[in-house]
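Chain by chain, the residues:
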Amino acid sequence: MRARDRRHQNGTATVFDAREMAPAAAKKDMFKGHPEQSLRGGKAIAVPLEVLGLHEAHRAYGVRPWKELFGEAIGLARDGFPAHPYLVSAIESNKDVLLHVPELRDVFFVDDGGWRPPRVNETCCRRPALAKVLRDISERGPDALYTGETAAGLAKDISDSGGLVTEADLAAAAVRSREPVRVSVFGSEILVPPPPSSGVSILLALRILEGFREPLAGLGPIGEHRAIEAMKHAFAVRMHLGDDHGQQEALNRDVIADALDSGFAVRRWWFLVPPVVPSPADPHAHPHSLTHSPTAATGRAPVDGARRRRAGRRRRVRWQVRRAVLARGSRHVARVGGRRTVHG
C-alpha cells in the first residue's frame, strides 16, 4: 500500500509495506509434495499486516479520526448486504469447497431448511463476529487484533486447521516504511512499491513499450504481440525478485537497477521490432515469424526476395534502436543484424 505525502509539495512518497509475512515456524520446503496446501488450509495463512499498514498510513497522513472510518464497514458486517450477481455466481461455482468449511458456509449461504447460495439482491453475508472485531479495532487500534483475546482466538483457529501462525507471530507483526521505486515513462513519473510487489516488472514492460514511441505500442495484432512480448521479458526478470531481506535484498537492488536502466530495456525492446513478415506460404519464412498478415503488421506488402527482406529488416532495426538509444542520451551496445554496433 502507498500513501503520498500531502503535507508537502515536494513530491515525496512513502510505501507502507503491509504485505503478509510467513510465520516464524514456516520452512522453505513445507509445501513440498503438497502444493495444494499453499492455497487451501491452515498452512496457507500468513501473518496479516493490512490493519497495521492502514493504521500507520492513517497515523502519518490521516485527516479524519480513526474511529470514524469504521462506521460503514461495521454496518455491512452486522447487517449484511444485497448479493451482487457476480457474488452469487462465485458462490455457486465454489460451493463444494465453501460448504465444507462451517465458518464460510455460515457467511455465504442461506439456511432455509437446506444450505443454498443467496439469490441476486437477497441480503446475505451477515458477520456479527467481524462487526465486533472491527468495533474493537476502531476503539483500541490494531492492538485489538494483534494482542489479547482476539489474537488468541485467531491463533487457535489457525492452529486447529493445521496452520503455523501463533500469538507470538501476531504480537511481533510490524510494518516497514520504504521508498517507492520511481521512473519516468511516457512523459509521466510512475511510482510503484518495491519487491516483493510486481511493480518493477510493470515498469520494465512500460519502458520496453516506450521505445516504440506509439500509443499502446501500435494497434492491432502487432500491438498485441509487442505488449505480450514486453510482459514476457518483464516477468522473466521478476523471477529474480523476492522478499527484501538477507542476501535477497542485494539481489533485488541489482535487478531493480537493471530494470530501470534504459539500455537494459532497449536490449530487450529491439527483439520486439518486427521484420517485414513473410507470408505463411513463403518458402523463406522463418519458423518463428509472426503469422498475421504482413500488410496488417507493417502497412505495406512484403518486399520480394529473401535478400531484400533481410536487408530491409537490418535497416529498420538499426534505425529504431538508434532512435531509442539517442532519445535517452545514453551509450549502449546492441547487436543488430549479426554485427556489434555502438550507439551513443
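Structural data are supplied above this passage.
It should be emphasised that the depicted structure is a prediction, and the values quoted were computed from it without experimental measurement.

**Q** Pulling in residues and values, what's your account of the overall build of the protein?
**A** Across its full length, the protein carries 15 helices and 11 strands. The buried share among the 344 residues of the protein stands at 36%. With the model as given, the accessible surface of the protein reaches about 20800 Å², and the carbon-plus-sulfur share is 54%.

**Q** Pulling in residues and values, what's your account of helix H10 (residues 199-210)?
**A** Since the α-helix turns once every 3.6 residues, residues separated by three or four places project in the same direction. In a regular helix each residue adds 1.5 Å, so 12 residues correspond to 16 Å; H10 covers 16 Å between its end C-alpha atoms and thus fits that length. Of the residues making up H10, those classed as buried are Gly-199, Val-200, Ser-201, Leu-203, Leu-204, Ala-205, Arg-207, Ile-208, Leu-209 and Glu-210.

**Q** Pulling in residues and values, what's your account of the nonpolar core?
**A** Core analysis: the largest hydrophobic core is formed by 19 residues, its most contacted members being Phe-70, Ile-137, Tyr-146, Leu-170 and Ala-173. The set of elements that each furnish at least two residues to this core consists of helix H2 (71-79), helix H6 (128-140), helix H7 (143-146) and helix H8 (148-160). With residues up to four places along the chain from it excluded, the contact list for Tyr-146 reads Pro-48, Leu-49, Glu-50, Val-51, Leu-52, Ala-151, Leu-170, Ala-171 and Ala-173. Grouped together as the second largest cluster of nonpolar side chains are 18 residues, Val-181, Leu-204, Val-255 and Ile-256 included.

**Q** Describe the packing of H2 against H6, and please don't skip the residues or the numbers.
**A** Two elements in contact, H2 and H6, have axes whose closest approach is 7 Å; the angle formed by their N-to-C orientations is 160°. Judged on the interaxial angle alone, H6 and H2 are roughly antiparallel. The interaxial crossing formed by H2 with H6 has left-handed handedness. Contact residues: H2 offers Ala-73, Ile-74, Ala-77 and Arg-78, while H6 offers Pro-128, Leu-130, Ala-131, Leu-134, Arg-135 and Ser-138. Across the contact of H2 with H6, the residue classes tally to 7 nonpolar, 1 polar and 2 charged.

**Q** Could you give an account of the pattern of salt bridges, naming the residues involved and the relevant values?
**A** Enumeration over the complete set of coordinates arrives at 14 salt bridges. One salt bridge connects Asp-160 with Lys-156, and the closest N-O pair in it is separated by 2.8 Å. Of the two residues, Asp-160 and Lys-156 both sit in helix H8, 4 residues apart, roughly one turn of that helix. Note on Asp-160: relative accessible area 55%, which makes it exposed. One salt bridge in this structure joins Lys-232 and Glu-229, with 2.8 Å as the shortest N-O distance.

**Q** Give a description of the pairing of strand E9 (residues 188-192) that names residues and reports values.
**A** For a regular strand, side-chain orientation follows a simple rule: the groups alternate between the two sheet faces. Pairing of strand E8 (residues 181-185) with E9, which is carried by 5 bridges, proceeds in the antiparallel orientation. In the sheet register, Val-183 faces E9, and the bridge partner there is Ile-190. The loop that links E8 with its antiparallel partner E9 comprises 2 residues; one of these, Phe-186, has a positive phi angle of about 55°.

**Q** Please set out the packing of aromatic side chains residue by residue, giving values where relevant.
**A** If you walk through the whole model with that rule in mind, you get 2 aromatic pairs. On the basis of an interplanar angle of 70° and a centroid distance of 6.1 Å, the ring pair of Phe-16 and Tyr-61 is categorised as edge-to-face. Pair noted here: Phe-16 is in strand E2 (residues 13-17) and Tyr-61 is in helix H1 (residues 50-61), with a separation of 45 residues, a long-range link.

**Q** An account of unusual backbone geometry is requested, with residue identities and associated values reported.
**A** The omega angle of the peptide bond from Pro-195 to Pro-196 is 15°, so this bond is cis rather than trans. As for its position among the elements, Pro-196 is in the loop between E9 and H10. In this structure, Asn-121 takes a positive phi of about 70° despite not being glycine. As for its placement among the helices and strands, Asn-121 is situated in the loop between strand E5 (115-116) and strand E6 (123-124).

Definitions and limits used
- Residues numbered from 1 in each chain as written.
- Predicted model: local features only at pLDDT ≥ 70, side-chain atom pairs only at ≥ 80, totals over all residues.
- Heavy atoms only, no water.
- Helix = DSSP H or I, 4+ residues; strand = E, 2+ residues; numbered from the N terminus.
- Buried < 20%, exposed > 50% of the residue type's maximum accessible area, 1.4 Å probe, protein only.
- Areas by Shrake-Rupley, 256 points an atom, 1.4 Å probe, with all protein chains shown as cover.
- Expected span 1.5 Å × (residues − 1).
- Core = buried A, V, L, I, M, F, W, Y, C linked by side-chain atoms within 4.5 Å.
- Contact = heavy atoms within 4.5 Å.
- Axes fitted to C-alpha atoms, helices over the stretch in contact; angles between N-to-C directions.
- Parallel < 35°, antiparallel > 145°, perpendicular 65-115°, else oblique.
- Left-handed = near helix turned anticlockwise from the far one by under 90°.
- Nonpolar A, V, L, I, M, F, W, Y, C, P; charged D, E, K, R; others polar.
- Salt bridge = Lys/Arg side-chain N within 4 Å of Asp/Glu carboxyl O.
- Pairing = 2+ DSSP bridges.
- Phe/Tyr/Trp six-rings, centres within 6.5 Å; stacked < 30°, edge-to-face > 60°.

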